[in-house]
Amino acid sequence: MNASVEAARAGEHGRGFEVGADEVRKLASRSAEEASQIRHLVNNNVARINEGEALVATTSDTLEKIAARVQQVAALVDEIATASHEQSAGVEQISHAMAQLEDVTQQNASLVEQVATASRSLDDQAEEMTTLVSRFRVAEISPRHSQQLAYS
């Protein structure tokens, strides 16, 4: 501005100076606008950097939580594997016990069959004995004498 005033005082000789001063003023005005835009961009960048930093912190916290959960899940999977192994051993013991129970049941069935056979044999022998005993007669003689048996 001062350059324009001085150019106007100088008259004809200051015209070239006035054009130069006008260009300097325009340049200064554009520089001020550009500086304002740069300041605005810098402030935006700082805000974005702060947002990015907050996002990085949040992401870091989230990843730490995920890592902790993964460790918990891994521990649970280990517990499940251990329990499954124990259950498998238990099922194997039950299977072994069932096989033994089946053997005992088969032995019992065999013994029952033997008892049934022996019972039939005893029944046959009892019938035969009844037939043989039915041939004998008991006669009473006086009380002083013993009983006499007669075979028919």
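Residues numbered from 1 in each chain as written. Predicted model: local features only at pLDDT ≥ 70, side-chain atom pairs only at ≥ 80, totals over all residues. Heavy atoms only, no water.

*Asks:* Is there a simple way to explain the overall build of the chain in this structure?
*Replies:* If you tally the helices and strands in the chain, you get two helices and two strands. In the chain, the succession of helices and strands from N to C terminus is α-α-β-β. For the chain, with 152 residues in total, the buried portion stands at 3%. In the form shown here, the chain has an accessible surface area of approximately 13,600 Å², with 59% of it arising from carbon and sulfur atoms. (Helix = DSSP H or I, 4+ residues; strand = E, 2+ residues; numbered from the N terminus. Buried < 20%, exposed > 50% of the residue type's maximum accessible area, 1.4 Å probe, protein only. Areas by Shrake-Rupley, 256 points an atom, 1.4 Å probe, with all protein chains shown as cover.)

*Asks:* Any chance you could explain a nonpolar patch on the surface here in plain terms?
*Replies:* A cluster of nonpolar side chains, namely Ile38, Val42 and Val46, defines an oily patch on the protein surface of about 250 Å² accessible area. Structurally, the position occupied by Ile38 is in helix 2 (residues 15-134). (Patch = residues over 30% accessible without salt bridge, like charges linked within 9 Å, V, L, I, M, F, W, Y side chains within 5 Å. Salt bridge = Lys/Arg side-chain N within 4 Å of Asp/Glu carboxyl O.)

*Asks:* Quick question: what am I supposed to make of a negative patch on the surface here?
*Replies:* Residues Asp123, Asp124, Glu127 and Glu128 make up a contiguous surface patch of negative charge. Mapped onto the elements, Asp123 comes out in helix 2. Classification of Asp123 by relative accessible area gives partly exposed; the value is 45%. (Lys, Arg positive; Asp, Glu negative; His and termini not counted. Charge placed at Lys NZ, Arg CZ, Asp CG, Glu CD.)

*Asks:* Even after reading the chapter, I still don't get the confidence of the model for the chain, so can you show me in this structure?
*Replies:* Predicted coordinates in regions of low pLDDT should not be interpreted in detail. In this model, the chain carries an average pLDDT of 84, and 76% of its residues clear a pLDDT of 70 or more. When pLDDT is averaged over each helix and strand of the chain, the minimum, 51, is found for strand 2 (residues 148-151) and the maximum, 91, for helix 2. (pLDDT = per-residue confidence, 0-100.)

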